[in-house]
Amino acid sequence: MAEFFQFEADFIDSLRCIPMQVRCHLDTCGIKLKLSDWNQLTQTEREQLVELPCTTDREVLIYRQHIQDLILQRTGKAVGELAIDPKPPWMDAHNIPETVQTQAGEFGVTISSTQWQQLSPLQRFALIKLSRSGHENRNFPRAIAEFNLSSHD
């Protein structure tokens, strides 16, 4: 099932940018997808990549093969690959990455362990991605507000 965040609302209808759910799937299956390659896909193909499950080992393999085939068909080039983290930080509900705490601190927010644990893996993934150096962080404060992290517990 598709899960979009409010901070993605400005591009979800057109899917002109890669939504967090797909970005999480890509990291899970070890695919590095450029926005230019994403934009070669049809609207239907983008929607399929949003809807396809990518949780079990089998689903991850199917998702990976599907996107490899799509990009090869559309661009004539093989898609980039990433190392797959066997213990991705967004699946760890007990350790808040330092980059997330640092970025939150820049907005005057401290994320508690309890708050971090209550987030879904996709919400944690979004905060991790939005807090990376070199990333456009304008959506980080939007995500903090959307996930109700701006207040302390």
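Residues numbered from 1 in each chain as written. Predicted model: local features only at pLDDT ≥ 70, side-chain atom pairs only at ≥ 80, totals over all residues. Heavy atoms only, no water.

Some details on the packing of aromatic side chains
Thought 1: Counted according to the given criterion, the structure contains five aromatic pairs.
Thought 2: An angle of 65° between the planes, with centres 5.1 Å apart, marks the rings of Phe5 and Phe147 as edge-to-face. Placement of Phe5 in the segment before helix H1 (9-12) and of Phe147 in the segment after helix H9 (139-146) is noted, with a sequence separation of 142 residues between them.
Thought 3: Classification of Phe5 by relative accessible area gives buried; the value is 5%.
Thought 4: Ring centres of Trp90 and Phe125 lie 4.9 Å apart, and the angle between their planes is 90°; this geometry places the pair in the edge-to-face category. Placement of Trp90 in the loop between strand S2 (80-81) and helix H6 (98-106) and of Phe125 in helix H8 (residues 121-130) is noted, with a sequence separation of 35 residues between them. Of the two residues, Trp90 and Phe125, neither departs from the other in class, the shared state being buried. (Phe/Tyr/Trp six-rings, centres within 6.5 Å; stacked < 30°, edge-to-face > 60°. Helix = DSSP H or I, 4+ residues; strand = E, 2+ residues; numbered from the N terminus. Buried < 20%, exposed > 50% of the residue type's maximum accessible area, 1.4 Å probe, protein only.)

Remember that the coordinates give geometry; whether it matters functionally is a separate question.
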